[in-house]
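Structural overview
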Amino acid sequence: MEHGSYADNSNATFSLTDEDHTLANAVRFSLNQDPRVSFCGYSIPHPSDNRVNIRVQTTGAPAREVLKDACQDLMMMCQHVRSTLDVAVADFKLRNPPKEDEDTDMK
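**Some details on the packing of helix α1 (residues 21-32) against helix α2 (residues 63-95)**
Between α1 and α2, whose axes approach to 9 Å, the crossing angle comes to 105°. Here α2 runs roughly perpendicular to α1, going by the angle between their axes. Contact with α1, carried on its side by L23, A26, V27, F29, S30 and L31, involves V66, L67, A70, C71, D73, L74 and M77 of α2 and no other residues of that element. In terms of residue class, the contact of α1 with α2 is built from 11 nonpolar, 1 polar and 1 charged.

Below, the structure is given as structure tokens:
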């Protein structure tokens with residue numbers, strides 16, 4: 001849910017349900033990398049409330065678009081980490097084949 005002004009779309013607060021510090025901090029990091037962002041931060045209204053509020057203030061760009069771009073950048077970072085990990089695991093398995101007496105059921 002977006003809380004903002006129709007007159008000034010460069011400032012908005014986005015409320016994400018069923019999320020916590022894990023996603024909010026990653027999105028905040030990604031937003032802070034964008035030169036269009038003048039301020040961003042997040043808060044969790046109450047520990048028992050599964051909701052995160054992310055505040056975005058930009059230098060003029062629509063806050064919704066900046067948040068969308070930050071989420072896409074975050075997805076690309078995650079895909080890069082995943083592919084790097086997959087390559088490292090495959091390389092490790094090639095260099096360290098299982099010995100005959102080891103259990104091969106573990107993968």
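And the narrative resumes.
**Looking at the nonpolar core**
In terms of nonpolar packing, the biggest core is built from 16 residues, with F14, V27, L31, I54 and V56 touching the most fellow members. At the level of secondary structure, the elements contributing two or more residues to this core comprise β2 (11-17), α1, β3 (37-43), β4 (51-58) and α2. If one sorts the elements of this core by residue count, α2 sits on top with 5 residues. Among all residues touching V56, those that are not within four sequence positions of it are S10, N11, A12, F14, L31, F39 and A63.

**Remarks on the pattern of salt bridges**
For the structure shown, the criterion picks out 6 salt bridges. Notably, a salt bridge pairs R36 with D34, separated by 2.7 Å at the nearest N-O pair. When its relative accessible area of 28% is taken as the criterion, R36 is described as partly exposed. For R51, the salt bridge identified is with D49, shortest N-O distance 3.6 Å.

**Topic: the environment of I54**
Position of I54 relative to the elements: it lies in strand β4. Exposure remark for I54: the relative accessible area of 2% places this residue in the buried category. Along the chain, I54 and G41 lie 13 residues apart, while their C-alpha atoms are 5.8 Å from each other. Beyond its immediate sequence surroundings of up to four residues, I54 is in contact with A12, T13, F14, L16, V27, L31, G41 and Y42.

**Concerning unusual backbone geometry**
One non-glycine residue, D18, lies in the positive phi region at around 60°. Within the fold, D18 resides in the loop between β2 and α1.

**Section: the pairing of β4**
Here 7 bridges tie β2 to β4, and the two strands are oriented antiparallel to one another. Within the sheet, the bridge partner assigned to S15 lies in β4 and is N53. Two elements, β3 and β4, share 6 bridges in a ladder whose sense is antiparallel. Bridge assignment links F39 to a residue of β4, and that residue is Q57.

The rules we used
- Residues numbered from 1 in each chain as written.
- Predicted model: local features only at pLDDT ≥ 70, side-chain atom pairs only at ≥ 80, totals over all residues.
- Heavy atoms only, no water.
- Axes fitted to C-alpha atoms, helices over the stretch in contact; angles between N-to-C directions.
- Helix = DSSP H or I, 4+ residues; strand = E, 2+ residues; numbered from the N terminus.
- Parallel < 35°, antiparallel > 145°, perpendicular 65-115°, else oblique.
- Contact = heavy atoms within 4.5 Å.
- Nonpolar A, V, L, I, M, F, W, Y, C, P; charged D, E, K, R; others polar.
- Core = buried A, V, L, I, M, F, W, Y, C linked by side-chain atoms within 4.5 Å.
- Buried < 20%, exposed > 50% of the residue type's maximum accessible area, 1.4 Å probe, protein only.
- Salt bridge = Lys/Arg side-chain N within 4 Å of Asp/Glu carboxyl O.
- Pairing = 2+ DSSP bridges.

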